[in-house]
Structure formats: structure tokens, C-alpha cells
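# Descriptive structure summary
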Amino acid sequence: MGATYTRAVSIPQPFVVAISQGDLDDLRERLIRTRWPLRVPGDDGWQLGADPETMRRLVERWTDGYDWRAREREINELPHFTVEIDGVAVRYLHYRGTGPALVLTHGWPGSFLEMRLLAAKLADRGFEVVVPSLPGFGFSPQRPGQTDPWSTPELWHMLMPNVRGHRRYGAHGGDLGAGITTRLAARH
């Protein structure tokens, strides 16, 4: 097992999603003003990009049928936290359990929310589960500069023992998260 790093780590704080009404109104207005391209002659819908009719239906749903406030309440009911590790804000879900610890990493273009049901089921079976949000995804801020492929696995390794107290833990990742998990395993 790799070393436990004890660099700058803040105290975890609950994270609450609170999108301003002004931001939601601005998004709605910009969606309403979408300038739609003409369909490319001979395209059956998806051969040369996204199907315009599907995109129109999606925009209509976001402008007149999607209840963001309900989704925001659902997200805020999750065990959602934020911590700063070496100057990087890390958002994560933390499902408490009494057994072994696991870190689950989502893929692209998803978010940590895609792992919430799995994490809850594992916690119900005793596992302690941490689901970090990749930097730049969802509510996690993007890093200010370029990083190398090892930087996110190192954040996860610092998160688990230094923030959550787990010197030993299992890891799982899908898509982009699989590469992060492989590097995490290779080094630690």
C-alpha cells in the first residue's frame, strides 16, 4: 500500500446546491432564443450530428417542463460534502457504514449522481462509500491549470485516509473513472 499523504486538507463541510433564480431565468431565456440550424439534406436525424427534433424537444423540456427546484431538493437530501485538498475543492457523497471502505468514481459525461443508488445499496450492506465528483464535473470546480493523469487519483488517495480516515479501501470506476481507479491501484 502507498504512503498516506498529509498535505493541506481542510475540514469537510456540508455542501448545499443553491442555484439563483436569476441564473435559472437567464438559462431559460437563452434556451428560448436558440437559433436552430436547418436539417442537412439527406440526414436521417443522427448521421451528421444531433437530431434537430430531439434537440428541440429537449430544449422545450428544459424551458417549460423541468422542475429544477425539485431536483435541487433531491440533491440536497444526499450526504453531500466539500473539502479542500492542496488547494483543490473536492465535492463528494459520503454514505456511512460500519464495514470496509470504497471509493466509487463516475465517468464521462456523467456525474457523481450516477453512482448514488449503488452507493446507497452498498452502505445498506455495511460498506462505507465515498463518491467524489471529478474536478470540472457537476458542482466541482474545474482546476485552474493543467494537471497530469495522476493528480485525480492522488486527490482520492488523500481524501480516503486523511479526510475519511480509511487507510485501506477498495475502488471502482467506470469509463473515465476506470482509468483513475487503475492509476489509484497502481500507485497505492
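In this text the structure is predicted, and so the values were computed from the model without any measurement.

## Some details on the overall build of the protein chain
- Per the secondary structure count, the protein chain includes six helices and six strands.
- In the protein chain, the order of α-helices and β-strands from amino to carboxyl end is β-α-α-α-β-β-β-α-β-α-β-α.
- Along the three orthogonal principal directions, the C-alpha set of the protein chain runs to about 60 × 35 × 35 Å.
- Per-residue burial over the protein chain gives 39% buried out of 188 residues.
- Residue pairs at least 24 apart in sequence account for 72% of intrachain contacts in the protein chain once pairs closer than 6 positions are excluded.
- When the accessible surface of the protein chain is summed, it comes to about 11,200 Å², and 54% of that surface belongs to carbon and sulfur atoms.
- Side-chain charges of the protein chain comprise 23 positive and 22 negative groups, with the mean position of each set lying 5 Å from the other.

## Topic: the environment of Phe 127
- Within the fold, Phe 127 resides in the loop between α4 (116–124) and β5 (128–132).
- Using a relative accessible area of 25% as the deciding quantity, one classes Phe 127 as partly exposed.
- The spatial distance from the C-alpha of Phe 127 to the C-alpha of Gly 97 is 4.8 Å, given a sequence separation of 30 residues.
- Apart from residues lying up to four places away in sequence, Phe 127 is in contact with Tyr 95, Arg 96, Gly 97, Pro 100, Leu 102 and Leu 122.

## Section: the side chain of Glu 128
- Looking at the secondary structure, you find Glu 128 in strand β5.
- For the buried Glu 128, no salt bridge is present, and the opposite-charge side chain at shortest range is Arg 96, 4.5 Å distant.
- Among the polar contacts listed, one links the side chain of Glu 128 to the side chain of His 94, at a separation of 2.4 Å.
- For Glu 128, the contacting residues outside a window of four places in its chain are His 94, Tyr 95, Arg 96, Gly 97, Gly 99, Pro 100, Ala 101, Leu 102 and His 166.

## Structural notes on the sheet that holds strand β3 (residues 88–95)
- Pairing is mixed across the open sheet formed by six strands, whose spatial order is β1-β2-β3-β5-β4-β6. Both outer strands of the open sheet, β1 (13–14) and β6 (170–173), are each paired with one neighbouring strand and no more.
- Note: strand β4 (residues 101–105) against β5, three bridges, orientation parallel. In the sheet register, Val 103 faces β5, and the bridge partner there is Val 130.
- The strands touched by α4 within the sheet are β3, β4 and β5, with β3 carrying the most contacts at an inclination of about 50°.
- Sheet contacts for helix α6 (residues 176–187): β4 and β6; angle to β6, the most-contacted strand, approximately 155°.

## A closer look at the pattern of salt bridges
- Taken as a whole, this structure holds six salt bridges when the rule is applied.
- Across the pair Arg 30 and Asp 26 runs a salt bridge, and its minimum N-O distance is 2.9 Å. With a gap of four residues between them, Arg 30 and Asp 26 both fall in helix α1 (residues 21–32), about one helical turn apart.
- Accessibility expressed as a relative area gives 38% for Asp 26, which makes it partly exposed.
- Across the pair Glu 53 and Arg 56 runs a salt bridge whose closest N-O atoms are separated by 3.4 Å. Taken together, the positions of Glu 53 and Arg 56, both in helix α2 (residues 52–64) and three residues apart, correspond to about one turn of that helix.
- Among the residues examined, Glu 53 registers a relative accessible area of 39% and is labelled partly exposed.

Conventions we followed
- Residues numbered from 1 in each chain as written.
- Predicted model: local features only at pLDDT ≥ 70, side-chain atom pairs only at ≥ 80, totals over all residues.
- Heavy atoms only, no water.
- Helix = DSSP H or I, 4+ residues; strand = E, 2+ residues; numbered from the N terminus.
- Buried < 20%, exposed > 50% of the residue type's maximum accessible area, 1.4 Å probe, protein only.
- Contact = heavy atoms within 4.5 Å.
- Areas by Shrake-Rupley, 256 points an atom, 1.4 Å probe, with all protein chains shown as cover.
- Lys, Arg positive; Asp, Glu negative; His and termini not counted.
- Charge placed at Lys NZ, Arg CZ, Asp CG, Glu CD.
- Salt bridge = Lys/Arg side-chain N within 4 Å of Asp/Glu carboxyl O.
- Polar contact = N/O pair within 3.5 Å; in protein donor to acceptor, adjacent residues only side chain to side chain.
- Pairing = 2+ DSSP bridges.
- Axes fitted to C-alpha atoms, helices over the stretch in contact; angles between N-to-C directions.

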